[in-house]
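Residue strings, one per chain:
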Amino acid sequence: MISESAPDPEDPKPRKPSSGVLVLTVCSAAIGGTFQYGYNISIINSPTGHIQGFINATYIERRGSGLDAPRVTLLWTLIVSAFSLGGLTGALLAGPMAVCFGRKRSLLLNNSFLFLGAALALTSRAARSFEMIVLARFLAGVNSGVSMNVQPMYFGESAPKHLRGAVAFSSAVFTAFGIFLGQVVGLTELLGTDALWPHLLASNALPGMIQLLTLPWFPESPRYLLIDRGDERACVRALARLRGGVAPVGEMEEMLQEQRQQKVTASKPGSAVTPWALFVDPDLRPQLRTVMAASSAMMLCGNDSIYFYASYIFLAAGIPPGKIQYASIGTGASEFAASIVSNLLIERVGRRRLLVGGYSLMSGWAVVFTVALMLQGRGVAGMPYLSMACVFGYILSFGIGPAGVTGILPAEIFDQATRPAAYMVAGSLMWINLFLIGMAFPFIISGLGNFCFLPFGGVCVASAAFLGLTLPETKGRTLAEITADFDEMRRGKKRGRQEEEEEEEEEPRKENYQLGKASSFPALEEETDS
């Protein structure tokens, strides 16, 4: 099978491999995938006041009296948090969907959640039901939860080794692009008005329609076709299309080797194919710890909550209300620009440096932001704009590394059988932490005041230290090489513990020896004297 796709050495004009199909596949998958995550995060910010007014007006029609401000805020927080709960549900669905339907078909089926949610959002005002908005946001979250897990899996399995990082990092580029475009569409000059906010919430259906019309024309993941379905012919055809007409022999051999290894592993009892199996398998614990830490840190650092509550942050920083929507666009533009730069750097600098460096910079910006807020409280001129610059710097640093590298890790450090389960664990932690931070963020701002970003800075410091110590570099390396590094670290820790135990056992022996030595000579002297 492999030789059929190898280039003919007698061909006078051999075709040069092209990545055109791969680029189009990435664009088609991402526009209805991680783009939706960024877009749905940002479009909810601009109509905040209009939706809160709609909630109150609806309640007056039903009960004859309005809601006080805390209850309106509570219902608004429920609408915001419904997206995170939907994302958690989608993350749990992503693994089984990716295995049962394949990567590409899962992304296509995922649009059904989106279209239903868009219909609910569009008709919520006419139906006088804010509960429909809650359900619409939940379904949009399900869509984002599935795509945030399945799309990086699809990209990581479809890209060649030397482009794997750049292709997988494009998920972060489209997320940032979605954030930026959502902020632009949400301007009061466009859809961010009291009359058009239902259309704004339903506008996420358009990218989904683009994906539904284009993605069926592109190939499925070659690794899924070979290792999960056992269809070598389909794998060669898909790989040939993604590589410009030629299926590389070396790449096919690597996949066949992984398939053989997978069959051996699958025959063992307790094979790690479910999330629980990952936790109980000691050989996979170092990888799982690293992914869990990176996924949790990505949300606990507070970056995505900035988009949910951008208005509150900029008001607290002293930005005039009329300029807040334009400042919010600047945050999206910053992350978009940073993700593009990072996409160009990832195959040169490596994943580990970008991840650790990004969190290190974010911790520095958190400290500067805290100092700026303290000086602003004392009336120092120019501090509101320094505070805003710190927010931009924080987002830029996030976009340089954590935004894209985090999603790549499960695809690079887990094999074909464990990868879906690893993404389920990583995605669940991301959405749980996003929900918790989304609920707690307003109270953190009001409770800590000028020190509101110090907890996030602490998360960044801890994340940089932990990942710097536990994550090996994965750039341009095979799964076997990366796994060998994790095994070496695990054996090194085990060896270190054994040496400590041996030293602890040796100490009492030395003490006993010294005691025996000390007591023997006087006894011997007494016998001699006698």
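Each value, and the rule that gives it
Residues numbered from 1 in each chain as written. Predicted model: local features only at pLDDT ≥ 70, side-chain atom pairs only at ≥ 80, totals over all residues. Heavy atoms only, no water. Helix = DSSP H or I, 4+ residues; strand = E, 2+ residues; numbered from the N terminus. Contact = heavy atoms within 4.5 Å. Areas by Shrake-Rupley, 256 points an atom, 1.4 Å probe, with all protein chains shown as cover. Patch = residues over 30% accessible without salt bridge, like charges linked within 9 Å, V, L, I, M, F, W, Y side chains within 5 Å. Salt bridge = Lys/Arg side-chain N within 4 Å of Asp/Glu carboxyl O. Expected span 1.5 Å × (residues − 1). Buried < 20%, exposed > 50% of the residue type's maximum accessible area, 1.4 Å probe, protein only. Arc of directions from axis to C-beta. Core = buried A, V, L, I, M, F, W, Y, C linked by side-chain atoms within 4.5 Å. Polar contact = N/O pair within 3.5 Å; in protein donor to acceptor, adjacent residues only side chain to side chain. Axes fitted to C-alpha atoms, helices over the stretch in contact; angles between N-to-C directions. Left-handed = near helix turned anticlockwise from the far one by under 90°. Nonpolar A, V, L, I, M, F, W, Y, C, P; charged D, E, K, R; others polar.

(A) A look at the overall build of the protein chain. Check the secondary structure of the protein chain and you find 24 helices and zero strands. Of all intrachain contacts in the protein chain linking residues separated by at least 6 positions in sequence, the fraction that spans at least 24 positions is 82%. Of the roughly 23,100 Å² of accessible surface on the protein chain, a fraction of 64% belongs to carbon and sulfur atoms.

(B) Spatial organisation of a nonpolar patch on the surface. A contiguous nonpolar surface patch, about 530 Å² in accessible area, is contributed by Val367, Val371, Leu375, Val380, Leu448, Phe451 and Leu454. Among the elements that make up the nonpolar patch, the one with the highest residue count is helix H19 (residues 351–377) (three residues). Tracing the sequence through the fold places Val371 in helix H19.

(C) Focus on helix H4 (residues 48–63). For H4, with 16 residues, the first-to-last C-alpha span of 23 Å sits near the 22 Å given by 1.5 Å per residue. Every buried residue of H4 is accounted for by Thr48, Ile51, Gln52, Phe54, Ile55, Thr58 and Tyr59. An end-on view of H4 places all buried positions within 155 degrees of arc, on one side of the element. The outward face of H4, more than 90 degrees from its buried face, is lined by the exposed residues Gly49 and Glu61. Just downstream of H4, Gly64 is the residue with a positive phi angle, here 85 degrees.

(D) The nonpolar core, seen in detail. Core analysis: the biggest nonpolar cluster contains 65 residues, and Tyr37, Leu278, Tyr359, Tyr394, Phe414 and Phe453 have the highest contact counts within it. Counting residues in each nonpolar core, the second largest holds 48 residues, with Tyr59, Val134, Val150 and Leu242 among its members.

(E) Expanded view of the environment of Ile437. Position of Ile437 relative to the elements: it lies in helix H22 (residues 419–448). Considered as a pair, Ile437 and Gly302 are 135 residues apart in the sequence and their alpha carbons are 6.9 Å apart.

(F) Representation of unusual backbone geometry in the model. Notably, Arg128 is not glycine yet its phi reads approximately 55 degrees, a positive angle. Relative to the helices and strands, Arg128 is located in the loop between helix H6 (103–127) and helix H7 (131–158).

(G) Just the side chain of Thr474, in detail. Structurally, Thr474 is set in the loop between helix H23 (454–470) and helix H24 (479–529). For Thr474, a relative accessible area of 1% puts it in the buried group. At 2.5 Å, the side chain of Thr474 and the side chain of Glu412 are in polar contact.

(H) Layout of the packing of H4 against helix H5 (residues 69–101). Contact geometry of H4 with H5 gives a least axis separation of 10 Å together with a crossing angle of 115 degrees. In the packing of H4 onto H5, the handedness of the crossing is right-handed. Listed contacts from H5 to Thr48, Ile51, Gln52, Ile55, Asn56 and Tyr59 of H4 are Arg71, Val72, Leu75, Trp76 and Ile79. Of the residues that constitute the contact of H4 with H5, the class distribution is seven nonpolar, three polar and one charged.

(I) Fine view of the pattern of salt bridges. Counted under the stated rule, the structure contains 11 salt bridges. The partner of Arg128 in a salt bridge is Glu61, and the shortest N-O contact between them spans 2.9 Å. In this pair, Arg128 is assigned in the loop between H6 and H7 and Glu61 in helix H4, connecting sequence segments 67 residues apart. Judged by its relative accessible area of 54%, Glu61 is exposed. The salt bridge involving Arg103 is made with Glu157; its shortest N-O contact spans 2.8 Å. Of the two residues, Arg103 is situated in helix H6 and Glu157 in helix H7; the sequence distance between them amounts to 54 residues. The two residues Arg103 and Glu157 agree in class, both being buried. Shared partners join several salt bridges into a network, and the residues in it are Arg103, Glu157, Asp228 and Arg419.

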